[in-house]
Amino acid sequence: AWLALGFGSAVLEERGGAAVERATFGGLPAGEVDRARGWLQRARRFSADAGPLVVEGRLLFFSGRTAQAADIGERVVALEPQNFDGWALLYGASRGRDPKRAAEAFRAIRELNPPAAEAFR
């Protein structure tokens, strides 16, 4: 049963990821963003990590909802302090809103993966 629930979670997360791609390259109507968020929220119920939460944050970020994306980034790094993707989300979503928090997120990115940190400059 757990395997089937995990597979279902992965499928929902993949649907959400596809919505992120569409949002990145042209935007999504608000209804589609909300529908994708629903998939990702359901995916979280049976996920072993913060993956669906990170994808939801990216969806919000690329849909222009940076305050909500930053909130999700904060949740991810609170749950998993070593989560590079969570820190990257928090950095991107905080840059224009909270420079101090963005700088803290950048320091975490640099500590976790120094070569990748150069891409964020």
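Asker: How should the overall build of the protein be read in this particular structure?
Answerer: A count of helical and extended segments in the protein gives seven helices and zero strands. Helices and strands appear in the protein in the N-to-C order α-α-α-α-α-α-α. Here the protein has a C-alpha radius of gyration of 14 Å; the compact-globule value for 121 residues is 14 Å, and the two agree. C-alpha extents for the protein along the principal axes are approximately 40 × 30 × 20 Å.

Asker: It is not clear to me how the environment of alanine 36 should be interpreted in this structure. Could you clarify?
Answerer: As for its placement among the helices and strands, alanine 36 is situated in helix α2 (residues 30-44). A C-alpha to C-alpha distance of 25 Å links alanine 36 and arginine 97, two positions 61 residues apart in sequence. Residues contacting alanine 36, with those up to four places away along its chain left out, are Ala19 and Leu59.

Asker: Where do I start with the packing of aromatic side chains in this structure?
Answerer: To describe a pair of aromatic rings, you give the distance between the ring centres and the angle between the ring planes. Enumeration according to the criterion identifies four aromatic pairs in this entry. A centroid spacing of 5.8 Å and a plane angle of 45 degrees characterise the contact between tyrosine 91 and phenylalanine 106, whose relative ring orientation is tilted. In this pair, tyrosine 91 is assigned in helix α5 (residues 84-94) and phenylalanine 106 in helix α6 (residues 99-112), connecting sequence segments 15 residues apart. Residue classification places tyrosine 91 among the buried positions, given a relative accessible area of 11%. Given the relative accessible area of 9%, phenylalanine 106 is considered buried. Look at tyrosine 91 and phenylalanine 120: their rings are 5.7 Å apart centre to centre, the planes differ by 80 degrees, and that puts the pair in the edge-to-face class. Highlighted residues: tyrosine 91 in helix α5 and phenylalanine 120 in the segment after α7 (114-117), separated in sequence by 29 residues. Ring pairing ties together the aromatic residues Phe84, Tyr91, Phe106 and Phe120, which thus form one cluster.

Asker: Looking at this structure, how should I read α6?
Answerer: Two residues of an α-helix separated by three or four positions point the same way, owing to the 3.6 residues in each turn. Here α6 is 14 residues long and its end C-alpha atoms lie 20 Å apart, about the 20 Å a rise of 1.5 Å per residue gives. Taken residue by residue, α6 has Arg101, Ala102, Ala105, Phe106, Ala108 and Ile109 as its buried positions. The buried side chains of α6 occupy one side of the element, clustering within an arc of 160 degrees when seen end-on. Among the exposed residues of α6, those pointing more than 90 degrees away from its buried face are Pro99, Lys100 and Glu111. Buried residues along α6 sit against α4 (66-79), α5 and α7.

Asker: Please explain the side chain of serine 94 as it appears in this structure.
Answerer: In this structure, serine 94 sits in helix α5. Looking at serine 94, the relative accessible area reads 2%, which means it is buried. With residues near it in sequence (within four places) discarded, serine 94 still touches Ala70, Pro99, Arg101 and Ala102.

Asker: Looking at this structure, I do not really get the pattern of salt bridges. What am I missing?
Answerer: Note that side chains of opposite charge can pair when their charged atoms are close. Evaluation of the coordinates by the stated rule reveals seven salt bridges. In this structure, glutamate 56 engages arginine 37 in a salt bridge whose closest nitrogen and oxygen atoms are separated by 2.8 Å. Taken as a pair, glutamate 56 in helix α3 (residues 51-62) and arginine 37 in helix α2 lie far apart in primary sequence, 19 residues in all. You'll find glutamate 56 and arginine 37 in the same group, each marked buried. For aspartate 85, the salt bridge identified is with arginine 58, shortest N-O distance 3.4 Å. Pair noted here: aspartate 85 is in helix α5 and arginine 58 is in helix α3, with a separation of 27 residues, a long-range link. In the salt-bridge network here, residues are joined through shared partners; they are Arg37, Arg44 and Glu56.

Definitions and limits used
- Residues numbered from 1 in each chain as written.
- Predicted model: local features only at pLDDT ≥ 70, side-chain atom pairs only at ≥ 80, totals over all residues.
- Heavy atoms only, no water.
- Helix = DSSP H or I, 4+ residues; strand = E, 2+ residues; numbered from the N terminus.
- Rg over C-alpha atoms; globule rule 2.2 N^0.38 Å.
- Contact = heavy atoms within 4.5 Å.
- Phe/Tyr/Trp six-rings, centres within 6.5 Å; stacked < 30°, edge-to-face > 60°.
- Buried < 20%, exposed > 50% of the residue type's maximum accessible area, 1.4 Å probe, protein only.
- Expected span 1.5 Å × (residues − 1).
- Arc of directions from axis to C-beta.
- Salt bridge = Lys/Arg side-chain N within 4 Å of Asp/Glu carboxyl O.

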